[in-house]
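# Per-entry structural report
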Amino acid sequence: MEKILLKNIHKEDSFKIETYLAGGGYVALKKALKERPDDIIQLVQDSNLRGRGGAGFPAGLKWSFIPKDPTMQKYLACNADEGEPGTFKDRAIIDNDPHLLIEGMIITSFAIGASSSYIYIRGEFEFGASRLEEAIAEAYEKGYLGDNILGTGFNLDMAVHRGAGAYICGEETALLDSLEGRRGQPRIKPPFPAIAGLYGKPTVINNVETLSCIPAIVEKGAKWFAAIGPEKSPGPKIFGVSGHVERPGLYELPMGTSAREIIFEHSGGMLGGKKFKALIPGGVTAPMLVEEELDTGMDFDSLAALGSMLGSGGMIVMDETTCMVRVSWIINKFFSHESCGKCTPCREGTTWLTKVLYRIEHGEGNAGDVELLDRICGNIFGRTFCPLGDGAVMALRGCMKHFRDEFVYHVEHKRCKVC
Amino acid sequence: MLTEETKTHIEGLLNKYKTRRSAVMPALMHAQKQNAGNLTEEDMREVADYIGLNPVVTNEIVGFYTMYNPLKDIGTYHIQVCANLSCSLRQAEFIIEYLEKKLDIKSGETTKNKRYTLTRVECLGSCGTAPMMQINDDYFEDLTVSKVDEILSNLD
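Given the structure is predicted, the values throughout are model-derived calculations rather than measurements.

Thresholds, definitions, all that
- Residues numbered from 1 in each chain as written.
- Chains lettered and ligands numbered in written order.
- Predicted model: local features only at pLDDT ≥ 70, side-chain atom pairs only at ≥ 80, totals over all residues.
- Heavy atoms only, no water.
- Pairing = 2+ DSSP bridges.
- Helix = DSSP H or I, 4+ residues; strand = E, 2+ residues; numbered from the N terminus.
- Axes fitted to C-alpha atoms, helices over the stretch in contact; angles between N-to-C directions.
- Domains from an automatic or database assignment.
- Contact = heavy atoms within 4.5 Å.
- Buried area = accessible area lost by both parts, 1.4 Å probe.
- Salt bridge = Lys/Arg side-chain N within 4 Å of Asp/Glu carboxyl O.
- Polar contact = N/O pair within 3.5 Å; in protein donor to acceptor, adjacent residues only side chain to side chain.
- Nonpolar A, V, L, I, M, F, W, Y, C, P; charged D, E, K, R; others polar.
- Parallel < 35°, antiparallel > 145°, perpendicular 65-115°, else oblique.
- Left-handed = near helix turned anticlockwise from the far one by under 90°.
- Expected span 1.5 Å × (residues − 1).
- Buried < 20%, exposed > 50% of the residue type's maximum accessible area, 1.4 Å probe, protein only.
- Arc of directions from axis to C-beta.

On to the sheet that holds strand 4 (residues 203–207) of chain A. Residues and elements named next belong to chain A. With parallel pairing, the 4 strands of this open sheet are ordered in space as 3-2-1-4. Two strands close off the open sheet at either side, each with one partner strand: strand 3 (157–162) and strand 4. Shown here is a sheet whose adjacent strand axes are inclined to one another by a mean of 20 degrees, direction ignored. Here 6 bridges tie strand 2 (residues 116–121) to strand 3, and the two strands are oriented parallel to one another. Among the inter-strand pairings, S117 is bridged to a residue of strand 3, identified as M158.

As structure tokens, then:
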């Protein structure tokens, strides 16, 4: 497949505006600014582009919820708070092709009528934040940002806002609170951000990879995009492969490419030729797949049909030597560390899960602990403001669905079955 | 005390946002940077005063976000090693144990000469190049023991 999202990242000085322009950059912006904003929203709806941050919500539909009143202040916020373990795709674009994202953001802002936009980037991405700031300055200089962009009368400001180490700020309403200078804790919905978002004004929040698809859609059309991969979940997708494979890294492939092809062809197969055991298909939240499920297409609907999810497309591959109790403990420890503390079931539940998993993993499990995990999961799932607590439960249930015997063995024998 | 340079940074931040309060997170980070990675209570109060916020707001922010280091006595080089799943599958524990032995401290501690602080952290978004660590602002990836030795000997 022709690369769309990662086409520039290996070029020399790929981050500079000259390189981006030489590769046909900002042509889509010029085209978009001649269209009516509503037509661009329709174009993105027709393309069936779905949000690449994890939820897979149709991007054009999200944009269409923004009120049309031209006197109303509106915002675009780019979610660059990449933090779901196993996910490292947005950083590649931010560090190496920042103008692709910026161009996508300018077009999106024009479509929804936003005159102010922010990139919320996780605090640890110091390098990426500086790259973005330099690229934004270049775009202002060339007249792609600021007042009266390319003489069209459209005005847009863009700024980078750095987070400070809270995973929860990747949740869109927590992100907004953080941008407003508060603790990043999710807001109750409704009202949705499209109605009352940043500073109480209509706001679209899109992921880096989602926004980076926009220039190509404008340039090549909705039909072209919709024809890549499955009809209801199309487009190019960056799969980030990590764990026990020979060639971990980023692979841009059509949505719907099978997990088996990504692991065994693109990523060079299992590390050291060991046997495959399990795959987390889309960041640690996504329930695990086992060998017989590897022919599943990596797209939103195919994975949902299996009870898992595409999430961010961050694929963590594990071989036969991996202890699933340890994996669950590591994942749950993450969620309890990152719980914002707003909802009791999540704050207390994830901490409790981690304690029980710790003792099972360390040979101190009690009879009944496996059932206790089930009960705690039941008391978290669906009882919180945001999906963080649900994510912890989905990850654990997904693991126990296939490897419950390992948990039981740990409790009964006070040691691991596999390592 | 906030330096003139930090105040200039904060002044610049105030133009970026619709409200002054939005500048509080980056302002605190500038204050922390001027003190080599440590945030003092005095500076937190000064940031609040400068922006025009109740000091409870800066306390709230600093208590919530993990990248602020109030009174933690962080060393010149803050070594943060990812111990989340992808890194763990690629022997992050081994790297952490090696660093603990090499620096003669446990994770979460600072060496006596205040040169190094070692922290075990959650995912830093560098899973394809695991194991990895961050030292101050920089990422170091695809770590091996000999690479760790080389990186540490090349500091300053």
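Now that the structure has been shown, we can carry on.
All names here are of chain A. In terms of domains, chain A is made up of domain 1 (17–226), domain 2 (236–319) and domain 3 (324–413). Look at where the C-alpha atoms of domain 2 and domain 3 centre, and you get two points 23 Å apart. Counting residues at the interface gives 12 residues for domain 2, matched by 13 residues for domain 3. Carbon and sulfur atoms make up 75% of the surface buried where domain 2 meets domain 3, a total of about 1,000 Å² over both sides. It is K277, V284 and M288 in domain 2 that bury the most area against domain 3; as a group they hold 49% of the surface buried on that side. Linking domain 2 with domain 3 are 1 salt bridge, by the criterion used here. Put simply, E406 and K277 hold a salt bridge, and the shortest N to O gap is 2.6 Å. Here domain 2 is connected to domain 3 by 2 residue pairs in polar contact (both at pLDDT 80 or more). Looking at the side of domain 2 that touches domain 3 element by element, the count peaks at 3 residues for strand 7 (residues 276–280). Of the residues that constitute the side of domain 2 that touches domain 3, the class distribution is 9 nonpolar, 1 polar and 2 charged.

All names here are of chain B. Spatially, the 4 strands line up as an open sheet ordered 2-1-3-4, and their pairing is mixed. Two strands lie at the open edges of the sheet, namely strand 2 (116–121) and strand 4 (138–140), each paired on one side alone. Pairwise comparison of adjacent strand axes, ignoring direction, gives a mean angle of 25 degrees for this sheet. When strand 1 (residues 77–82) meets strand 2, the two strands line up parallel, connected through 6 bridges. By the bridge assignment, V81 is partnered in strand 2 with R120. The strands that helix 7 (residues 145–153) touches are strand 1, strand 2, strand 3 (133–135) and strand 4; relative to strand 3, the one it contacts most, it runs at about 10 degrees.

Turning our eyes to something else, we now look at the environment of D319 of chain A. Residue and element names in this part refer to chain A. Locating D319 in the fold gives a position in strand 9 (residues 314–319). A C-alpha to C-alpha distance of 7.3 Å links D319 and M270, two positions 49 residues apart in sequence. Setting aside its immediate chain neighbours within four residues, D319 contacts H244, M270, K274, K275 and K277. Side-chain polar atoms of D319 contact the side chain of T321, separated by 2.6 Å.

Turning to the packing of helix 13 (residues 324–338) of chain A against helix 14 (residues 344–361) of chain A, a few remarks are in order. Residues and elements named next belong to chain A. Running from N to C, helix 13 and helix 14 point in directions that differ by 155 degrees, and their axes come no closer than 9 Å. Considered as vectors, helix 13 and helix 14 are oriented roughly antiparallel to each other. Along this stretch, helix 13 crosses helix 14, giving a crossing that reads as left-handed. Listed contacts from helix 14 to V325, R326, S328, W329, N332, K333, F335 and S336 of helix 13 are T350, T351, L353, T354, L357, Y358, I360 and E361. Partitioned by chemical class, the residues of the contact of helix 13 with helix 14 number 7 nonpolar, 6 polar and 3 charged.

A separate point is helix 6 (residues 92–103) of chain B. Residue and element names in this part refer to chain B. Compared with an ideal rise of 1.5 Å per residue, which puts 12 residues at 16 Å, helix 6 spans 16 Å between its outermost C-alpha atoms and is within 8% of the ideal. Of the residues making up helix 6, those classed as buried are A92, I95, I96, L99, E100 and L103. Projected onto a plane normal to the axis of helix 6, the buried residues spread over an arc of 135 degrees and lie on a single side. Summarising the contacts, the buried residues of helix 6 are in contact with strand 1, helix 5 (85–89), strand 2, strand 3 and helix 7.

Before going further, it helps to spend a moment on the pattern of salt bridges. Under the criterion given, the structure shown has 35 salt bridges over all chains. The salt bridge partner of E172 of chain A is K62 of chain A, with a shortest N-O separation of 3.6 Å. Residue E172 of chain A is found in helix 8 (residues 172–179), and its partner K62 of chain A is found in helix 4 (residues 59–64); the two are separated by 110 residues along the sequence. With respect to burial, E172 of chain A and K62 of chain A carry one shared label: buried. Here D73 of chain B makes a salt bridge to K114 of chain B, at a shortest N to O gap of 3.3 Å. Placement of D73 of chain B in the loop between helix 4 (55–64) and strand 1 and of K114 of chain B in the loop between helix 6 and strand 2 is noted, with a sequence separation of 41 residues between them. Through salt bridges with shared partners, one network takes in K62, E171, E172 and K189 of chain A.

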